[in-house]
Amino acid sequence: PPHYSESQPRPVLYMHDGQMLFDSNTTWNSQEWKVDEIISSIEWDEDRLAPIVIGIWNNGIHRQSEYFPEKAFRRMTREDRNDFLQSSRSQGQKILSRKPYSDKYLKFLVHELKPYIDLEFATLSDRKHTYIAGSSYGGLISVYALCEYPEVFGGVIAMSTHWTGVMEHNLPVPTALIDYLDRRLPEGKNHKLYFDHGTEGLDSLYRPYQDMVDQLCIKRSYSEGQWTRRVFQGANHSERAWSQRFGQALLFLTRND
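The structure presented is a predicted model; accordingly, all values stated were derived computationally and were not measured.

S.K.: Tell me about the overall build of the protein chain, residues and numbers included.
M.R.: Along the protein chain, the regular secondary structure elements total nine helices and six strands. Over its C-alpha atoms the protein chain spans a radius of gyration of 17 Å, differing by no more than 12% from the 18 Å that the globule rule assigns to 257 residues. Over its C-alpha atoms, taken along the principal directions, the protein chain stretches across nearly 55 × 40 × 40 Å. Within the protein chain, the fraction of its 257 residues that count as buried is 55%. Restricting to contacts in the protein chain with at least 6 residues of sequence separation, those with at least 24 account for 78%. In the protein chain, the 30 positive side-chain charges and the 34 negative ones have mean positions that sit 6 Å from each other.

What follows is the structure, encoded as structure tokens:
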């Protein structure tokens, strides 16, 4: 962040799809989140410090298998798991390259990456100041990280969370995800959740499932200052759309309530 100094520890924001965050000249679709520009444009102060951002690159064709919540996958019937594994994108490429292995990804993040970052940088390493963020499948793994490691992560940004798992309504997948969340979503006292989605393209699929997740947040006693869900009319499923609301998501996560 701007004005980083070893003498002033800062919060840390871990972000998935790291190769899509900073430079559209190097991304596959010539889009980016503009994370560096957005953080630099916010007026931070001593009461709300700009976070250190750690961009974790995704694993290419294995991205969805790395990000899909593994324990939710296991809750599906064998038939539904097999159908999910055979699901394809519009161009014929399978959505999952293999069975999900997100538990290993989170183990790397929590037990290897985070200790290294806390050692090498001036960080506020406690739960309250450790955030995780992503979009689409990156939203799924961010919420999963909170559920699996509630003592590590204090805040989540989940944009255009891909509750359907596939490119259409497919009830076994969101049912398994929401059933998992019903069992594992931590109480709202020590955590913050930011959810959003647009209304165009893939984002048009998400409203009914996000409604169910909202009910779980209410059930877990998340207050207005700890949880929000926002809908952006006309917004689609793209880095350009996510960049336009990243700033307000970050301000929600970092404000002191």
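S.K.: Describe the packing of helix α6 (residues 137-148) against helix α7 (residues 172-184), with residues and values.
M.R.: Remark: α6 packs on α7, axes separated minimally by 10 Å, with the N-to-C direction vectors making an angle of 30°. On the basis of the axis angle, α6 is roughly parallel to α7. In this structure, α6 crosses over α7, and the sense of that crossing is left-handed. Each of Leu140, Val143, Tyr144, Cys147 and Glu148 in α6 lies in contact with α7, whose residues at this interface are Leu177, Tyr180, Leu181 and Arg184. Residue classes in the contact of α6 with α7 are distributed as seven nonpolar, no polar and two charged.

S.K.: Give a detailed account of the packing of aromatic side chains, specifying residues and quantitative values.
M.R.: By the definition in use, this model includes 10 aromatic pairs. Between Phe68 and Tyr137 the ring centres are 6.1 Å apart and the planes differ by 50°, which places this aromatic pair in the tilted class. Taken as a pair, Phe68 in the loop between α2 (63-67) and α3 (70-75) and Tyr137 in helix α6 lie far apart in primary sequence, 69 residues in all. Taking relative accessible area as the criterion, Phe68 reaches 0% and is therefore assigned buried.

S.K.: Lay out helix α5 (residues 102-120) in plain terms, naming residues and giving numbers.
M.R.: Here α5 is 19 residues long and its end C-alpha atoms lie 25 Å apart, about the 27 Å a rise of 1.5 Å per residue gives. Along α5, the helix axis deviates most sharply at Leu113, where the bend reaches about 35°; the proline Pro115 sits within four residues downstream. Listed as buried for α5 are Ser102, Asp103, Tyr105, Leu106, Leu109, Val110, Leu113, Lys114 and Ile117. Looking at the buried residues of α5, the elements they touch are β1 (12-15), β2 (52-55), α2, α3, β3 (130-135) and α6.

S.K.: Can you lay out the pattern of salt bridges for me, pointing to particular residues and giving the numbers?
M.R.: Using the criterion set out here, one finds 14 salt bridges in the structure. With a shortest N-O distance of 3.7 Å, Asp103 and Arg74 are connected by a salt bridge. Of this pair, Asp103 sits in helix α5 while Arg74 sits in helix α3, placing them 29 residues apart in sequence. Linked by salt bridges that have partners in common, Glu70, Lys71, Arg74, Asp103, Glu148 and Arg184 make up one network.

S.K.: Which residues make up the sheet that holds β3, and what values go with them?
M.R.: Strand order in the open sheet formed by six strands is β2-β1-β3-β4-β5-β6, and the pairing between neighbours is parallel. Either end of the sheet is taken by a strand with one partner, and the two such strands are β2 and β6 (227-232). Going across the sheet, the axis of each strand differs from the next one's by a mean of 15°, ignoring polarity. Across the sheet, α5 touches β1, β2 and β3, and the angle it forms with β1 is around 135°. On the sheet, α6 packs against β3, β4 (155-159) and β5 (192-198) and is oriented at approximately 150° with respect to β3.

S.K.: Can you break down the state of the cysteines residue by residue, with the values?
M.R.: All chains considered together, the criterion is met by zero disulfides. With no disulfide partner, Cys147 has as its closest neighbouring cysteine sulfur the one in Cys217, 9.5 Å distant. Note on Cys217: relative accessible area 0%, which makes it buried.

Procedures and definitions
- Residues numbered from 1 in each chain as written.
- Predicted model: local features only at pLDDT ≥ 70, side-chain atom pairs only at ≥ 80, totals over all residues.
- Heavy atoms only, no water.
- Helix = DSSP H or I, 4+ residues; strand = E, 2+ residues; numbered from the N terminus.
- Rg over C-alpha atoms; globule rule 2.2 N^0.38 Å.
- Buried < 20%, exposed > 50% of the residue type's maximum accessible area, 1.4 Å probe, protein only.
- Contact = heavy atoms within 4.5 Å.
- Lys, Arg positive; Asp, Glu negative; His and termini not counted.
- Charge placed at Lys NZ, Arg CZ, Asp CG, Glu CD.
- Axes fitted to C-alpha atoms, helices over the stretch in contact; angles between N-to-C directions.
- Parallel < 35°, antiparallel > 145°, perpendicular 65-115°, else oblique.
- Left-handed = near helix turned anticlockwise from the far one by under 90°.
- Nonpolar A, V, L, I, M, F, W, Y, C, P; charged D, E, K, R; others polar.
- Phe/Tyr/Trp six-rings, centres within 6.5 Å; stacked < 30°, edge-to-face > 60°.
- Expected span 1.5 Å × (residues − 1).
- Bend = angle between axes of the 7 residues up to and from the residue.
- Salt bridge = Lys/Arg side-chain N within 4 Å of Asp/Glu carboxyl O.
- Pairing = 2+ DSSP bridges.
- Disulfide = S-S within 2.5 Å.

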